Amino acid sequence: MRIETDYKNLESELDKIKDEDEVVEIKITNPEKIVLSSTEKKTSQFRISLANLNSKSKIKIDLSPTDLTKAKVIKNSVEAAFINVINLYKIGPLPKNIKNMTNTFSGCIKLEYLDTSNFDTVKDISAMCIYCKNLSSLDFSHFSGVKTADKAFWGTNIKSVD
């Protein structure tokens with residue numbers, strides 16, 4: 001199944017997804033409207049929309065068709081941007097100049113592919129992929145500036161480092 005929609009209509013398009021064994025490709029046509037950052041006081045609406053699909057346990061969300069390099073990031077942080085979006089399966093590159101990725105994908109148990117091509121400015125990846133049990137390989141060549149990585153890949157099945 002493929003969904004192509006603008007950000008304003010994302011929620012109503014997501015409501016149409018049935019709980020069937022399939023990959024749901026999502027392309028948001030105006031990704032500059034997406035705010036990836038979450039804070040202690042406010043969770044991004046984008047994450048909430050995706051997490052609302054958690055009850056549909058058979059689907060896998062593929063966000064790679066969406067150009068998330070154009071999404072908004074507050075204070076160079078995507079901390080907890082996708083935390084506990086359990087159906088997240090695949091994601092393309094994130095915006096450049098991110099420094100904090102703490103808990104970004106924590107609890108994304110179906111995550112199998114993560115494009116790390118824009119991770120060269122990341123400093124903190126603490127608990128970034130904790131419990132991403134289906135993540136078995138990752139391209140680490142772009143993690144050149146990481147200073148903190150406490151439990152970054154705890155609970156994953158990473159067996160190969162590219």
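See above for the structure.
Residue indices follow the written sequence of each chain, beginning from 1 at its first position. At least 70 in pLDDT is required for a residue's local features to be given in this predicted model, at least 80 for side-chain atom pairs to be given and counted, and no such filter applies to totals for whole chains, interfaces and linings, which use all residues. Calculated side-chain values reflect all of the structure's heavy atoms, with hydrogen atoms and water omitted.

A. Quick peek at the pairing of strand β2 (residues 22–28). Being paired, for any two strands, means DSSP has found at least two bridges between them. Here a strand is any run of E in DSSP of at least two residues, a helix any run of H or I of at least four, and the numbering for each starts at the N terminus. Bridge count for strand β1 (residues 2–5) against β2 is four bridges, and the pairing is parallel. Following the sheet pairing, Glu4 is matched in β2 by Lys27. Here β2 pairs with strand β3 (residues 59–62) via four bridges, running parallel. Bridging from a neighbouring strand, Glu22 pairs with Ile59 of β3.

B. A look at the packing of aromatic side chains. Here a pair means two rings of Phe, Tyr or Trp (six-membered ring of Trp) with centres within 6.5 Å. Their orientation is stacked below 30 degrees between planes, edge-to-face above 60, and tilted elsewhere. Applying the stated rule across the entire model yields seven aromatic pairs. Taking 5.5 Å as the distance between ring centres and 5° as the angle between the ring planes, the aromatic pair formed by Phe82 and Phe105 counts as stacked. Of this pair, Phe82 sits in the loop between β3 and β4 (88–91) while Phe105 sits in the loop between β4 and β5 (113–114), and the two are 23 residues apart along the sequence. Like Phe105, Phe82 is buried. Here the aromatic residues Tyr7, Phe46, Phe82 and Phe105 are joined through ring pairs into a cluster of three or more. Per-residue accessibility, obtained with a 1.4 Å probe over protein chains only, is compared with the maximum for each type, and a residue is labelled buried under 20%, exposed over 50%, and partly exposed between these values.

C. Highlighting the nonpolar core. In these notes, a set of buried Ala, Val, Leu, Ile, Met, Phe, Trp, Tyr and Cys residues joined through side-chain atoms within 4.5 Å is what counts as a nonpolar core. By size, the foremost hydrophobic cluster in this structure holds 42 residues, and its most contacted members are Phe46, Leu63, Phe82, Leu94, Met101 and Phe105. Elements represented by at least two residues in this core include exactly α1 (10–14), β2, α2 (45–51), β3 and β4. In contact with Phe105, not counting residues within four places along its chain, are Phe82, Leu88, Ile91, Leu94, Leu111, Leu114, Met128, Cys129, Ile130 and Cys132. Whether two residues are in contact is decided by their heavy atoms, any of which lying within 4.5 Å being enough.

D. Representation of the environment of Val122. Topologically, Val122 is positioned in the loop between β5 and β6 (137–138). Owing to a relative accessible area of 0%, Val122 belongs among the buried residues under this scheme. Placed 59 residues apart in sequence, Val122 and Leu63 show a C-alpha to C-alpha distance of 21 Å. Sequence-distant contacts of Val122, defined by excluding residues within four places in its chain, comprise Ile98, Lys99, Met101, Gly145 and Val146.

E. Here's a closer look at the pattern of salt bridges. Basic side-chain nitrogens of Lys or Arg form a salt bridge, by our definition, when they fall within 4 Å of a carboxyl oxygen of Asp or Glu. Summed over the entire model, instances satisfying the criterion amount to four salt bridges. A salt bridge links Glu13 to Lys16; its shortest N-O distance comes to 3.1 Å. Its relative accessible area of 22% is what places Glu13 among the partly exposed residues. With a relative accessible area of 49%, Lys16 lands in the partly exposed category.

F. Representation of the sheet that holds β2 in the model. Read from one edge to the other, the open sheet built from five strands follows the order β1-β2-β3-β4-β5, with strand pairing classed as parallel. Single-partner strands in this sheet number two, and they are β1 and β5.

G. Representation of unusual backbone geometry in the model. A positive phi angle is found at Asn84, which is not glycine, with a value near 60°. For Asn84, the position within the fold is in the loop between β3 and β4.

H. Structural context of the state of the cysteines. Only a pair of cysteine sulfur atoms within 2.5 Å qualifies as a disulfide here. Across all of its chains, the model carries zero disulfides by this definition. Its sulfur unpaired, Cys129 is 4.5 Å from the next cysteine sulfur, which belongs to Cys132. For Cys132, a relative accessible area of 0% gives the class buried.

I. Molecular detail of the side chain of Thr104. By secondary structure assignment, the location of Thr104 is in the loop between β4 and β5. Two N or O atoms form a polar contact when they lie within 3.5 Å of each other; inside protein one atom must be a possible hydrogen donor and the other a possible acceptor, and for residues adjacent in sequence the pair counts only when both atoms belong to side chains. There is a polar contact of 3.1 Å between the side chain of Thr104 and the backbone oxygen of Val78. One polar contact links the side chain of Thr104 to the main-chain carbonyl oxygen of Met101, over a distance of 2.7 Å.

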